Amino acid sequence: MIKSGRAGDEVQLIAVTKTVDIHRINEAIAAGITSIGENRTNELEEKYNVLGNKVDFHMIGHLQTNKVKNIIGKAKLIHSLDRISLAKELDKRSKRNNIITDVLIQVNVAEEESKFGLRVNDVLYFIEDILEFTNIRIRGLMTIAPYTDDKALLRNVFRSLYKLREDIKGRKYEGVSMDYLSMGMSNDFELAIEEGSNMVRIGSSIFGKRNY
Ligand SMILES: *Cc1c(COP(=O)(O)O)cnc(C)c1O
């Protein structure tokens, strides 16, 4: 963060707590963590039932359409919107609950087979297609970079997402904001911040290796 020349409070830390038990999450909350990220709906639900509003829950993993009903109103931000059918379901369930759900669009910048997310070139069309869904609010973009030590490649990925965000901002779609750029994990968060991330999702650097 010093290297990037940016103030620390500009970057929001999401502590990724998948597989981490409640006791250790409570310790993290006591140490100042205010937001946690989960990638499975059942784990998010279970933890929400115990912790409630003590901490903000972020859904960062792939979200199945039939699981939306279980986490609606519980996740403060959903980082993984990647298809129309999911947008439709999120909108429907949000309407039923009289809420507006904040979402990020997941972009598979590096076009990795193993990862979910839209291709960079499809994002504008996607946004235009989901503008009709008034109970979801697009708040920004998310990506998972390839797991690599290749710094040039990582920088390119983060830069592409930053540029896409600027492009979307310039189009001034009604009801769409680009407040959040969720990029950067344990392996690459320093580079991501240097390239403009303002939301990092960090698990193993905080909690150690995960035991599945
Ligand atoms: C697990 C996970 C993270 C955190 O990964 P670490 O390498 O442990 O920091 C971040 N984002 C997503 C989407 C994840 O599934």
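Scroll up for the structure.
As the structure is a prediction and not an experimental result, all values here were calculated from the model.

1. Quick notes on the pairing of strand S3 (residues 56-59)
Remember that side chains alternate between the two faces of the sheet whenever the strand is regular.
Thought 1: With four bridges joining them, strand S2 (residues 35-38) and S3 adopt parallel strand pairing. From the neighbouring strand, Ile36 faces S3, where its bridge partner is Phe57.
Thought 2: For S3 and strand S4 (residues 75-81), the ladder comprises three bridges, and the chain directions are parallel. Bridging across to S4, Met59 finds its partner in Ile78.

2. Details of helix H5 (residues 123-130)
Thought 1: When H5 is considered as a whole, its buried residues turn out to be Val123, Leu124, Phe126, Ile127 and Ile130. Along the axis of H5, the buried positions cluster into a sector of 160°, meaning they face one direction only.
Thought 2: For H5, the secondary structure elements touched by its buried residues are S4, helix H4 (84-96), strand S5 (101-106), strand S6 (136-142) and helix H6 (151-171).

3. Some words on H4
Thought 1: Relative to the 18 Å expected for 13 residues at 1.5 Å per residue, H4 spans 18 Å between its end C-alpha atoms, a close match to the ideal helical length.
Thought 2: Of all the residues in H4, the buried ones are Leu86, Ala87, Glu89, Leu90, Asp91, Arg93 and Ser94.
Thought 3: Tucked into the core, H4 has its buried residues touching helix H3 (68-71), S4, S5, H5 and S6.

4. Remarks on the site of the ligand
Thought 1: The environment of the ligand is made up of Val16, Lys18, Ile60, Ile144, Met185, Ser186, Arg201, Ile202, Gly203, Ser204 and Arg210.
Thought 2: At 2.9 Å, a side-chain N or O of Arg201 approaches a nitrogen atom of the ligand.
Thought 3: Protein chains bury 89% of the 390 Å² of accessible surface belonging to the ligand in isolation.

Definitions and cut-offs
- Residues numbered from 1 in each chain as written.
- Predicted model: local features only at pLDDT ≥ 70, side-chain atom pairs only at ≥ 80, totals over all residues.
- Heavy atoms only, no water.
- Pairing = 2+ DSSP bridges.
- Helix = DSSP H or I, 4+ residues; strand = E, 2+ residues; numbered from the N terminus.
- Buried < 20%, exposed > 50% of the residue type's maximum accessible area, 1.4 Å probe, protein only.
- Arc of directions from axis to C-beta.
- Contact = heavy atoms within 4.5 Å.
- Expected span 1.5 Å × (residues − 1).
- Near = heavy atom within 4 Å.
- Polar contact = N/O pair within 3.5 Å; in protein donor to acceptor, adjacent residues only side chain to side chain.
- Areas by Shrake-Rupley, 256 points an atom, 1.4 Å probe, with all protein chains shown as cover.

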